[in-house]
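A closer look at the structure
Chain residues, written in single-letter form:
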Amino acid sequence: MTILTEIAALYDRRAEAKGWPRPGFSTEKIGAEVVLTDDGRVVAIRSMMAPDLKGKMQPRMMSVPAAVTRTAGVKSNLLWDKTSYTLGVTAVETDGAITAGQAARTLEEHAAFKVAQLDLIGDSDDPGLSALAAFCRTWDPAQFLDFPDALALLDQNTIFTLQDGTALHALPAALAGLKASSAAAPVMCLVTGQDGPPARLHPKIKGVMGAQSSGASLVSFNIDAAESNAKEQGDNAPTSEEAAFAYGTALNAMLARDSGHSLRHGDATMVFWATARDPQAELEAEDALGLAFALSQPKGRDDDAESLLRQNLVAIARGQVPSGSALDPASRIFLLGLSPNAARLSVRFWHTDRLDALAQRVTRFWDECAITPSPFMRRGLLRMPRPVALLYDLAAQHDGKNIPPNLAGDLMRAVLTGQPYPATLLPTVIGRIRVEGDPDHAKHGNVDGRRSALIRAFLTRNLKQEVPMALTESETDVAYLLGRLFGAYVYAERSYQDRGASLRSKYMGAASATPARVFPVLMRGYEHNLASLRKAGGQKAGSGIKADRAVSAIMSNLPGGKLPSALPLEAQGRFFVGFYHQLSAFYAKAEDAVDDLIDTQDTGEDA
């Protein structure tokens, strides 16, 4: 119950400042109000819609008595609901026009609403509640047509107000009635340790990617296999209504759009928050989490802000307090990964730690992903490798829906805890390289660099191997040298002619897996391309010279010149790193073929 305890505690700390609903209430979309006289007559049905940033009319978010859990049955909310419940009308199509009418069970829903309100009101003498009781006894759904302007409000959630603007659900008498209606024999709450009425059903959580739009349960007991000792539903893990409300409200608030506390991570949705002695330190810590783990740079942020955050996290990881920042190394951070599971939610990962410990692990991930040239440079500034963004390079068509199952959560868990990366990471990267052939760099940027960064991170952490960060001409590892050699062959071909079926797309997989079988074929093709480049003269001849110099240097380092018949998977990873380093080196400098031609003429070589 640790997760629920921490989220409920967050509600206690922030509910007042954030304006979150009080216990027994929830924030709902309200589109209309029904205005009553003291004797229960309806004098107006008014819109409460307001334009959003795009000018589209949207319901207003309001705190109302907590919504009931509805599945297939008929069950009414108290003091508010959609028009089929409150007014007994819904939108129906008649002769091609939308008008007010009744669907299959509208009358049943309206009857349930009236019974629920009258049970709540009881014998109360409060004028406002008496007006609602009179409404329930006298309202005829046919009267709705007397308010033609209300047709656009059909099926919206509605509240009830008096003519002076008082909302009935905010009346003290209504609050007292709501509290009394929820009274039950107290039990010890497993979340707070205090006695209180137990929650039979836990709140629905909304905003998790892929889950039902109406919400899904984080805690649920609705099958015999989940129950024990003849206990039903929430009695199997007693949680007080107050605690269930607190964690549900806080979690829904953080999952709300533009809350700044949630982001997508593969097939999961990650919620994060922080606690600190200073409110500003909390804000900055949460800001850091959002920037470090987001799919891309959040709107309204620039590269300078990201660069500053990177510097601050590096400083905290080293035990320093960054100047000019309220970041506190002792701040507590919380990260919760949720994913849909039918009508429920699954916890993919849960991590809590001090900010300085998290900074150490995150910066370690950055260091392991470091490679030159860096695929994380933008406008001269080094950006942060984001775990979720790197996963897109492992998905078919770079579509988030195709990210391998479980890999997102496993990778995030490794980053947060410092444990080894998932065993499936390296084969997934290598498999994607083989399948994709020549990636579309114009569309997806430096894909090779990002995949090389992941390979280097995996080999460094999981296999404790020393993998060059930049091109290392003195490196004698055979797989790395063969990758460099293949890069030189690819460069020679590209310099001579762009082909639809390129050398890379045809031979990358085979060259990295079975070099002894493939490289003799590649050498013959390379010699043909080299001869063609020399004959072409000019800049192409200079490119040929670059390639030939690299090939000669690489071949001289190969032990005995003998090629291995096969390379294991980790060696194939080093092969690709060497390929990336060598191919990038050919394009790294502004030197052109003219410089090479001058060098060649000075040494007497045939251009």
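Described in the following lines is the structure provided in the data block. (Residues numbered from 1 in each chain as written. Predicted model: local features only at pLDDT ≥ 70, side-chain atom pairs only at ≥ 80, totals over all residues. Heavy atoms only, no water.)

Overview of the overall build of the protein chain
From N to C terminus, the protein chain includes 20 helices and 20 strands. The C-alpha atoms of the protein chain give a radius of gyration of 33 Å, which is well past the 25 Å a tight globule of 607 residues would have. For the protein chain, the spread of C-alpha atoms along the three principal axes comes to 110 × 60 × 50 Å. When the 607 residues of the protein chain are sorted by exposure, 48% land in the buried category. For the protein chain, the proportion of contacts with a sequence separation of at least 24, taken over those separated by at least 6, is 68%. In the structure as shown, the protein chain presents an accessible area of about 28,400 Å², 51% of it carried by carbon and sulfur atoms. Taken as two groups, the 63 positive and 69 negative side-chain charges of the protein chain have centres that lie 6 Å from each other. (Helix = DSSP H or I, 4+ residues; strand = E, 2+ residues; numbered from the N terminus. Rg over C-alpha atoms; globule rule 2.2 N^0.38 Å. Buried < 20%, exposed > 50% of the residue type's maximum accessible area, 1.4 Å probe, protein only. Contact = heavy atoms within 4.5 Å. Areas by Shrake-Rupley, 256 points an atom, 1.4 Å probe, with all protein chains shown as cover. Lys, Arg positive; Asp, Glu negative; His and termini not counted. Charge placed at Lys NZ, Arg CZ, Asp CG, Glu CD.)

What about the side chain of T90?
Note on placement: T90 falls in strand β8 (residues 90-94). Looking at T90, the relative accessible area reads 10%, which means it is buried. Those residues within four positions of T90 in sequence are excluded, and the remaining contacts are S84, T99, A100, G101, Q102, A103, T106, L154 and D155.

Thoughts on unusual backbone geometry
A cis geometry characterises the amide bond from T372 onward to P373, with omega recorded as 0°. Along the chain, the position of P373 falls in the loop between α9 (355-368) and β19 (377-378).

What about a positive patch on the surface?
Together, K29, K54, K56 and R257 line one region of the surface with positive charge. With respect to the element layout, K54 can be found in the loop between β4 (50-51) and β5 (57-58). By relative accessible area, which is 81% here, K54 ends up exposed. (Patch = residues over 30% accessible without salt bridge, like charges linked within 9 Å, V, L, I, M, F, W, Y side chains within 5 Å. Salt bridge = Lys/Arg side-chain N within 4 Å of Asp/Glu carboxyl O.)

Remember that the coordinates give geometry; whether it matters functionally is a separate question.
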